[in-house]
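In case you want the letters, here they are:
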Amino acid sequence: MAQYGHFDDANREFVITRPDTPLPWLNMLGQDEFYGLCTQTAGGYSFWKDARLRRLTRYRYNNNPMDNDGRFLYVKHGKSVWNPGWKPVRAELDGYECRHGLGYTQITGQKDGISVEQLMFIPANENLEVWKITVSNHTKKSQKFSIFPFVEFCSFEALNDMTNYQRTYSIGEVEVEGDAIYHKTEYRERRNHYTLFATTKKIAGYDTSRDAFVGVHNGLHDPKVLATGKCTNSKAFGWSPVGAFQLDFNLKPGATETFALILAYVDQGDLPKFDAPFVMNKTKGKQILAKYSDIAAVDAAFDAVKARWDSLLSVYQAPKVPNEHLRRMVNTWNQVQCMATFNLSRSASGYETGIGRGMGYRDSNQDILGFVHLLPERARQRILDIASTQLSDGTCFHQYQPLTKKGNADIGGGFNDDPLWLILSTAAYIRETKDLTILDEPCGYADKKGSRDTLLHHLETSIAYTLNNRGPHALPLIGHADWNDCLNLNCFSKEPNESFQVTGDIAGSKAESVMIAGLFLYAARDFSALYRFMGKEDDAKRIDSYYADMLKTVEEQAWDGSWYTRAFDAESRPIGSKSNKEGKIYIESQAWCVLGGAGQTNGRAKKALAAVDKYLYDKRYGCALQYPAYSEYHLELGEVTSYPPGYKENAGVFSHNNTWIHIGWAMFGEGEKALEYYLSICPSAKADHDVYRSEPYVYAQMTASHLSPTPGEAKNTWLTGTGAWSFVVAAQYILGVRPDFNGLVVDPCVPKKWKGFTVNRKYRGVQYAIEVKNPKGVSKGVKTLVVDGVKVKGNLIPIPTDGRTKVKVEVTLGA
Ligand code: GLC
Ligand code: GLC
């Protein structure tokens, strides 16, 4: 476990002890409007709101060396040149440590008696990042040396910046004043914003031209200026503007010096743009620098970042969970990942380039499930934003841009699972808050501007959409794809240059999805429970009848003998059936049919889970998506058969869908299985980092499965629906404290050997201290529930009616 680092649970940090991790290990900074990606070597970039349209610093994805752009400090000490974060110079260090914390990364490097600590964070509600730098002389002599902070500016529109050199090489503009560099490319024309890179320490020189600082034929590992140790005070006119300073030190033995660097996105607002021709008005930039010139202000801002996380995490804490992996994930890192997926959807990470995908309709709805307890008011707004990208016929824009909140026309709609996820997120929000007013919010349809249709209307539209778009088996039509973006049953693509998702006409297609049917069952149950909570029994009954009808269809049409069929193709042939040569069994339909309540009375649900266990599961890595993996490309199935066997949607361990099976085991009271499965994809539980390779503190979207040539190797961390769903699994199904419309339900499903645990939960203004005991060694079943000394029937904790804000709950499990 300690190959590259370890958890420091008390400080809520992951400590990396050597910089050459198997892959870059990323942290996410920021949670308001300014964001930064930061790896263990200070790699990464920063942006305001939208990683494509407002990118401040450059980053070259798929670079070699990997992760070679970032927030670098070069130390020039005598002849030696080094970085505290090791890269890009990669000089051998005498000491190195990186602490990825909640919203900050602290990197410390030491060489020849000089240590440099770089603490990077984004103050709450500010459009800037601060690097607090602490430099110490540990030798017995005075030491003279220089530090050169360095960033490379991006001209805001990242795609243009990395593709359109005939333009970008001629537009770069900067100004330098005092100890600050102002990157003002395109500021004279339509931009009313600029990037500030400034230092609170007096500079001895600067460079703003990359050619001058780095050199055309040098690399970031051997910048020209570091050979001489003197900045050239270059001005960038076009080409590639950078921000570099020369900071000179003469430190006495044992002395320490602290200062800060600021990287800010500055919106000029109503201020005049210029003081004189070509001289920008720098009032705001100067105010920012003045504010953080006092290092006490830097420290206060950092303390506030930590305090905010403490407060957010205090909504849900389960301090005494016996399993350390589940404990640290559910209490800390899983919630941090939920914040990141909520904020960034699938836009910017080590794998998402920030220029491709915006907010996903289905992704963002699911992300809310793991986020809503943290900041329900933000979840509320998000739900309304998402709903507004639905069309009046029920189809949804599959993606939308965060800056404009407009649907992305290139991809359009027709992913037929999309509408249903809105019901899950809305129900989760109301279960958390009991705020029914959200249902009355007027959020019009994307094609009917100005209409006053409410959110409730959207939910009905979503249900109707599924009901009205069914195929020959009366199962829902799949459209371009369902949750499995790669099940492209109407694509028939022979052309390598086509998109799998949107190629092919879905208009008259017959291809059906059993997974959508299962999801419909789940959503319909949510919806009718919601109507009952609203006191609308007639509507609840109406939805119940849709449920019954779909359930009948599923049981009549989708049972394959030992598991649920996955889909029917455009010719109505089954997929995920024993009659198939490959791809005989898929995970998603087992999961959603079980979660939706199919197979409960006829034993099929248990059989479906047993089939998952037998054909898909591997204790070391998790469940493959299907079995056997496809060895050939199938026109009629699309992208799912395009991946080599054992990767991604072709029988890879796609973590996201594993979590639904975990819930299935918990529903059936299989505590051992639920935990064992949970741990099979849990990053903290991965022992061999040379095999796993990815960050041990956040979930990966995909691990190469036992059916692949590289089993156990994980990819695509941070921005995956696994974040939200794993939190739901751990908090609501294993530990079993689950918000419902009328209060918290306690319904744990744990290994029999667990003696108990505690959960502290803030919920609707009340602090619940819940203690669960398991004296009889069972997995499931609440025997007694005692609330503030009073015995209560069942497993619902009643909401206090006498204004109590602290409630003590004692739960005893047993038969
Ligand atoms: C990706 C997509 C998600 C999709 C999943 C399975 O994670 O973001 O929308 O459901 O892949 O294909
Ligand atoms: C590819 C990926 C899938 C992802 C989709 C997004 O199909 O395999 O995981 O959801 O791209 O467009």
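Residues numbered from 1 in each chain as written. Chains lettered and ligands numbered in written order. Predicted model: local features only at pLDDT ≥ 70, side-chain atom pairs only at ≥ 80, totals over all residues. Heavy atoms only, no water.

**Student:** Sorry if this is basic, but what is going on with the pattern of salt bridges here?
**Tutor:** Note on pairing: side chains with opposite charge can pair once their charged atoms come close. Taken as a whole and judged by the stated rule, the model has 60 salt bridges. When the shortest N-O distance is used, the salt bridge between arginine 362 and aspartate 418 registers 3.9 Å. Residue arginine 362 is located in helix H8 (residues 361-369), and its partner aspartate 418 is located in helix H10 (residues 418-433); the two are separated by 56 residues in the primary sequence. For the pair formed by arginine 362 and aspartate 418, the shared burial category is buried. Across the pair lysine 752 and glutamate 672 runs a salt bridge whose closest N-O atoms are separated by 3.8 Å. Here glutamate 672 lies in helix H17 (residues 671-680) and lysine 752 lies in the loop between strand E36 (743-746) and strand E37 (756-763), a separation of 80 residues in the sequence. One continuous salt-bridge network, built from bridges that share partners, spans Arg58, Arg60, Asp69, Glu152, Asp161 and Arg210. (Salt bridge = Lys/Arg side-chain N within 4 Å of Asp/Glu carboxyl O. Helix = DSSP H or I, 4+ residues; strand = E, 2+ residues; numbered from the N terminus. Buried < 20%, exposed > 50% of the residue type's maximum accessible area, 1.4 Å probe, protein only.)

**Student:** What is the right way to read the site of ligand 1 from this model?
**Tutor:** Around ligand 1 sit Arg346, Arg357, Arg362, Asp363, Trp483, Asn484, Asp485, Glu649, Phe654 and Gln701, and those are all the residues in its vicinity. One of the side-chain nitrogen or oxygen atoms of aspartate 363 is found 2.7 Å away from an oxygen atom of ligand 1. For ligand 1, whose accessible area on its own is 310 Å², the fraction buried by protein is 96%. Its atoms largely coinciding with the cavity grid, ligand 1 occupies the second largest pocket. Here the shell around ligand 1 is built from residues that sort into two nonpolar, two polar and six charged. (Near = heavy atom within 4 Å. Polar contact = N/O pair within 3.5 Å; in protein donor to acceptor, adjacent residues only side chain to side chain. Areas by Shrake-Rupley, 256 points an atom, 1.4 Å probe, with all protein chains shown as cover. 1 Å grid on protein atoms, 1.4 Å probe; cavity = no way out; pocket = protein on both sides within 12 Å on 5 of 7 lines; lining within 4 Å. Sits in = over half its atoms within 2 Å of the grid points. Nonpolar A, V, L, I, M, F, W, Y, C, P; charged D, E, K, R; others polar.)

**Student:** Explain the pairing of strand E9 (residues 95-101) to me, please; I cannot follow it from the model alone.
**Tutor:** Consecutive residues of a regular strand have side chains that alternate between opposite faces of the sheet. Within E9, five of the seven residues are buried, leaving the element largely enclosed by the surrounding structure. One ladder, built from three bridges, connects strand E2 (residues 13-16) with E9; its direction is antiparallel. Across the sheet, isoleucine 16 pairs through a bridge with cysteine 98, a residue of E9. In the sheet, E9 pairs with strand E10 (residues 104-111) via seven bridges, with the strands oriented antiparallel. Bridging across to E10, cysteine 98 finds its partner in isoleucine 107. Where E9 hands over to E10, the hairpin turn is made up of two residues, of which glycine 103 adopts a positive phi near 85°. (Pairing = 2+ DSSP bridges.)

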